[in-house]
Structure formats: C-alpha cells, structure tokens
Amino acid sequence: MADGDWMSGARPPRRIVRRRRLVALAGLVLAALVAAGAFSYTSRDAAPPPPPPPPPPPKPFRIVFPEGFTRAQMAARVDAVVAIARQKRNARVAISSDTYLAASRRAMIPCWGRQARTNLEGFLFPATYDFLRRTTSRKLVIDQIEAFCRNWRSLDLAYARSKNLTPYDVLIIASMIEKEAVVPAERKLVSAVIYNRLRNRMTLGIDATLRYGLDIPPTESIRQSQLDSDDPYNTRRFAGLPPTPIANPGLASLRAAANPAQVDYLYFARKADKRHHFFTASEAEFTNFLRENGYLG
C-alpha cells in the first residue's frame, strides 16, 4: 500500500510518522541556521556603540566689578572672591590682588592704538566676569579691556570733538560722572555742568577728584587743609580736568560724557536724600541752596 493509502481515521504507519518528524525537525534546524546567519550579518554591519559623553565642563567662578570702582577697589574685590572660593568650594584659584594690580599696571588698549598705556584706570570695564581655577589675573584684565573696547566703539564722539575734547578727556569726564551721579537721569546733567565750566574756564570743584588724589575715604569729611592741597586732582584749586580718570565708568556714564544735556547749568549740589542733585546756572541760587541745606556756616 502506498504511503497515503490508508483508511480515513486510521493511524498512519510508524515510518510515516518518523519521516514527518524528521522533516519537521530539519525545517526547524534550517530556520534556526538562517536566523543565526542573518543575526551574524546584521551584527557585522551594525555601527559600533557611541563613545561615552564627555565630562561636564567645570563650574566657573564669578566676580562682579561695580561701575565706579577704582583699580584698587577691583583688586580688593579679587581678594574677596578668592576667599569665597576657598571657603565655599574649597578651591584655590590663580588670581590674586597682587597679580591683578601687576597685570593692570600696563597694557595695550586695542581700540586706542598700539602703544601700551601705563595707567589703566578708566579702561578696566566694570561688569560681571566668569573665570576658572587656572584663569590668570592677566587674562581677567584682558577680558576687561576687551569689554571696554566693545563698549567704547559704540560711542559717538562727534560732539566732544567739536568742543576740542580728546577721547581721553571724555574718559576722564565719564569717570567723574560715575562718581558724582547716583540717579541715572542726572548723568547727562552732571556732564553738562563739566562741559560748561570747562568752556568758561572755571574750576570744576568736584570733590570726588580730590578724594581720589589724596585717597580720602567717602565716609570722611574733607578737611580745609586738603581743600588747600596742591595735589593735581584738586579741581577746586586747579582749572581743567584731573590728570587721569578717577574710576572705571560704565557705558551709561561714557555715553553721558560724550553727549551731555543741552542746558546752561554751572552748579550742582547733592540734596538731603543723598541721591538727587540741585542744578542751576545761577551762582546766587547755588549759594542760597548751600546755605539752606547746611553746607555753609
């Protein structure tokens, strides 16, 4: 009887069952081999695993130089930040007040020519700067000078030039504005008083210049002997601008120094709130204000 010739419902012969089992087993083995080959082929052509991500960059330190800080005050701020880095992050950084003072003693100002300047007061732009452990004081000073140049290039000096003022004159005026004006709206008014008194060949009478020259703290009253001093920064005694800037001005004071308000004021004095100023073109009004506010005995 042929393999398929058995009665319906009867069990097939054993040899038929064995043959079917062998065929099924062979099919399973063949399928497994094909799958293994495909996996091997895919694995050989797959891209290698990506490299591990780089470590995060080190967290920077931060130093803030307020507008109107002098070079000496900036050096003191460096020392304060160094102390904070040690206390809060147990870190030793490369900058220090001594190296900052050395680095800020002499440098080239790219936007002012190729000759190095020997007094950087006024050129150390006040702003917030990030630095790392190995950042040097020289790098910090370079960052300040670059910030100064970025802001300086935005100024329009046409009006100052029309009054025969040099760029350095504008920088000196900006430093005086920074030390005198507390309320932003008064910057251009203070600038106008300086321009007008220069035009009239009057002494400027700005005590902030004398404080800078004689290193008088702002909390101390100026004595008569200091007012009589022959220090070149004594603008009560000597007409014209002081020899150098007396602070490092921000952009608002630089702009006010380049373009003062168009007013005829010649005098100003601080009001009782220690923030606003009284402005006038009249010497009599000025004297009366001083008397009424206790400036005169």
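Residues numbered from 1 in each chain as written. Predicted model: local features only at pLDDT ≥ 70, side-chain atom pairs only at ≥ 80, totals over all residues. Heavy atoms only, no water.

(A) Here's a closer look at the overall build of the chain. If you tally the helices and strands in the chain, you get 11 helices and six strands. Considering the chain as a whole, with its 297 residues, one finds that 37% of them fall into the buried category. Contacts spanning at least 24 positions in sequence make up 63% of the contacts within the chain whose residues lie at least 6 apart. Summed over its atoms, the accessible surface of the chain is roughly 18200 Å², and 55% of this surface lies on carbon and sulfur atoms. (Helix = DSSP H or I, 4+ residues; strand = E, 2+ residues; numbered from the N terminus. Buried < 20%, exposed > 50% of the residue type's maximum accessible area, 1.4 Å probe, protein only. Contact = heavy atoms within 4.5 Å. Areas by Shrake-Rupley, 256 points an atom, 1.4 Å probe, with all protein chains shown as cover.)

(B) Inspection of the packing of helix H6 (residues 167-180) against helix H10 (residues 251-258) at higher detail. Between H6 and H10, the least distance of the axes is 8 Å, while the angle of their chain directions is 120°. Here H6 lies oblique to H10, going by the angle between them. For the crossing formed where H6 meets H10, the hand is right-handed. Here Val-170, Leu-171, Ile-173, Ala-174, Ile-177 and Glu-178 of H6 come into contact with H10, specifically with Ser-253, Leu-254, Ala-256, Ala-257 and Ala-258. Residue composition of the contact of H6 with H10, grouped by class: nine nonpolar, one polar and one charged. (Axes fitted to C-alpha atoms, helices over the stretch in contact; angles between N-to-C directions. Parallel < 35°, antiparallel > 145°, perpendicular 65-115°, else oblique. Left-handed = near helix turned anticlockwise from the far one by under 90°. Nonpolar A, V, L, I, M, F, W, Y, C, P; charged D, E, K, R; others polar.)

(C) Representation of the packing of aromatic side chains within the structure. Across all of its chains, the model carries 17 aromatic pairs by this definition. Taken together, a centroid distance of 5.0 Å and an interplanar angle of 90° make the contact between Trp-112 and Phe-123 edge-to-face. Here Trp-112, found in the loop between strand S2 (107-108) and strand S3 (116-117), pairs with Phe-123, found in the loop between S3 and strand S4 (128-131); they are 11 residues apart in sequence, far enough to count as distant. Three or more aromatic residues joined by ring pairs form one cluster here, namely Trp-112, Phe-123, Phe-148, Trp-152 and Tyr-168. Directly above the ring of Phe-61 sits Arg-89, whose terminal nitrogen or CZ lies 3.9 Å from the centroid. The ring centre of Tyr-168 lies 4.9 Å from the NZ or CZ of Arg-117, which sits over that ring. (Phe/Tyr/Trp six-rings, centres within 6.5 Å; stacked < 30°, edge-to-face > 60°. Lys NZ or Arg CZ within 6 Å of the ring centre and 35° of its normal.)

(D) A look at the layout of surface pockets. Estimates place the volume of the largest pocket at around 1700 Å³. Lining the largest pocket we find 50 residues, and of these Glu-180, Ile-206, Asp-207, Ala-208 and Arg-211 sit closest to its centre. Going through the elements one at a time, helix H2 (71-89), H6, helix H7 (187-199), helix H8 (207-214), strand S5 (267-270) and helix H11 (283-292) are the ones with two or more residues in the lining of the largest pocket. Here the residues of the lining of the largest pocket sort into 24 nonpolar, 11 polar and 15 charged. Roughly 240 Å³ of internal volume is contained in the second largest pocket. (1 Å grid on protein atoms, 1.4 Å probe; cavity = no way out; pocket = protein on both sides within 12 Å on 5 of 7 lines; lining within 4 Å. Points joined across faces, edges and corners; volume = space filled by probe spheres on them.)

(E) Highlighting the environment of Leu-132. Position of Leu-132 among the secondary structure elements: in the loop between S4 and helix H4 (137-152). Sequence-wise, Leu-132 and Ile-95 are 37 residues apart; in three dimensions their C-alpha atoms are separated by 9.5 Å. Contact partners of Leu-132, with chain neighbours within four places excluded, come to Pro-58, Pro-60 and Phe-61.

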